[in-house]
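For reference, the chains in residue letters:
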Amino acid sequence: MKRVYLDNAATTPLDAAVIAEMTNVMENYFGNPSAIHALGREVRTLVEKARKTVSGLLNASPSEIFFTSGGTEADNTAIRCGIAAYGIKHAITSKIEHHAVEHTLNTMLKNGEIDKLSFVNIDEKGNVDYNHLEELLQNNERTFVSLMHANNELGTLTDMVKVGDICEKYNAIYHADTVQTMGHYPHNVRELKAHFIVCAAHKLHGPKGVGFLYVNSNIKIPPMIYGGAQERNMRGGTENVYGIVGLAKALEIAYAEMAEHQAHIQGLKDYLKEQLIAEIPGIGFNGETYADKSLYTVLNVSFPEMDMADMLLFNLDINGICASGGSACSSGSNIGSHVLNGINADPNRPSVRFSFSKYTTKEDLDYVIEKVKMVVKQNALA
């Protein structure tokens, strides 16, 4: 049976060049990068070379890049340590953020680490109300703002430049969850005015278990993980060296091939959308789908009401189609998507997130369209 992978927002397959780079490190460089002898210094050089590669692509200083275990740790560090460093008591976010942000801020509110948590208004497509954000910031206290660049379930994009300008106006600290967009859009940190942005390597054909946190040099935060002087005293623990090298290689490839891959993937997304509209009456879409407002790797499809709607993903799976019903971090949960709830999506219409990569082909999508038509027809309401 043919198998088509359309869950790239959850994770992406490793690029062969990334595997080769990591394999070389695993086979030939085993020293601890904190050791002062020759073998340790060799490995330290690899880590710092990777840091320089990442910082160069982002127009950052190497001293602003801190390697982590992934996006969740990076988000937690930015939020917890950014708030603690400046004694902030008011945070602003939205109700459709990734759980790495939502759960962290709700826990901090519950534990009394912040006194107030405000939610900026969003519309039925997941767009941020920038006027409401300004209203929430009009006070005399320093505030922490956490708003993602692209929603991981809907694909709707937030204007980071506009948010950065608003935050600067009110002296707010701005954290942007850029996990879904890192390597898919250029991020010039000298233009964005964000204090924190993040990366998870496995979203851009790099390895799992490694990411980074960018911390603007104008602010200082304490570490979240103690235990050693690694990452310039910002993250205790021996570095995941081959993961870090793989991350840098994946990001380097992503930037070099970005325009080509964006054109390819946007074309596939548009094609799937057009074919679904033509073939399935009553089809709809959650979030923005226009190219300038939507992450080109994500299409969230709202299907017509059907029998056994809760089995839709299972039926796609047994037909060889790997997709998701929401955030990958909630896979296996019987709780509805907080993102779809947050935009008041129709709970009677099952939704599927199809997400694409540079390896997706038109032939893959033709197969998907054929199988989706069959599944919808088999489960159509009488």
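Keep in mind that this is a model prediction, so the values were computed, not measured. (Residues numbered from 1 in each chain as written. Predicted model: local features only at pLDDT ≥ 70, side-chain atom pairs only at ≥ 80, totals over all residues. Heavy atoms only, no water.)

Trainee: Got a sec to walk through the nonpolar core? Specific residues and values, please.
Mentor: Core analysis: the biggest nonpolar cluster contains 51 residues, and Leu 58, Leu 133, Val 145, Ile 197 and Phe 212 have the highest contact counts within it. Per-element accounting of this core gives the leading share, 10 residues, to helix H9 (residues 241-256). Excluding its chain neighbours within four sequence positions, the residues that come into contact with Leu 133 are Ile 92, Val 120, Val 145, Leu 147, Val 163 and Ile 166. Grouped together as the second largest cluster of nonpolar side chains are 35 residues, Tyr 271, Leu 276, Phe 356 and Val 376 included. (Core = buried A, V, L, I, M, F, W, Y, C linked by side-chain atoms within 4.5 Å. Buried < 20%, exposed > 50% of the residue type's maximum accessible area, 1.4 Å probe, protein only. Helix = DSSP H or I, 4+ residues; strand = E, 2+ residues; numbered from the N terminus. Contact = heavy atoms within 4.5 Å.)

Trainee: Tell me about the packing of helix H2 (residues 38-58) against H9, residues and numbers included.
Mentor: Two numbers describe a pair of packed helices, the interaxial angle and the distance between the axes. One can describe the packing of H2 onto H9 by two numbers: an axis separation of 9 Å at closest approach and a directional angle of 30 degrees. With respect to H9, the element H2 is oriented roughly parallel. At the point where H2 passes H9, the crossing takes the left-handed sense. Contact residues: Val 43, Leu 46, Val 47, Ala 50, Thr 53, Val 54, Leu 57 and Leu 58 in H2; Val 241, Ile 244, Val 245, Leu 247, Ala 248, Leu 251, Glu 252 and Tyr 255 in H9. Along the lines of polarity and charge, the residues of the contact of H2 with H9 split into 14 nonpolar, one polar and one charged. (Axes fitted to C-alpha atoms, helices over the stretch in contact; angles between N-to-C directions. Parallel < 35°, antiparallel > 145°, perpendicular 65-115°, else oblique. Left-handed = near helix turned anticlockwise from the far one by under 90°. Nonpolar A, V, L, I, M, F, W, Y, C, P; charged D, E, K, R; others polar.)

Trainee: Mind laying out the side chain of Asp 177, listing which residues take part and the relevant values?
Mentor: Here Asp 177 lies in the loop between strand S6 (173-176) and helix H7 (189-192). The buried charged residue Asp 177 lacks any salt bridge partner; its closest oppositely charged side chain belongs to Lys 203, at an N-O distance of 8.8 Å. The residues contacting Asp 177, other than those within four sequence positions of it, are Asp 75, His 98, Val 101, Leu 147, Met 148, His 149 and Val 198. (Lys, Arg positive; Asp, Glu negative; His and termini not counted. Salt bridge = Lys/Arg side-chain N within 4 Å of Asp/Glu carboxyl O.)

Trainee: Any details on the packing of helix H5 (residues 130-137) against helix H6 (residues 160-169)? Residues and values, ideally.
Mentor: Orientation of H5 relative to H6, taken along the N-to-C sense of each, is 20 degrees, at an axis distance of 10 Å. What the angle tells us is that H5 and H6 run roughly parallel. As H5 runs across H6, the sense of the crossing is right-handed. Of the residues in H6, those touching H5 at Tyr 130, Leu 133, Glu 134 and Leu 137 are Lys 162, Val 163, Ile 166 and Lys 169. Looking at side-chain class alone, the contact of H5 with H6 contains five nonpolar, no polar and three charged residues.

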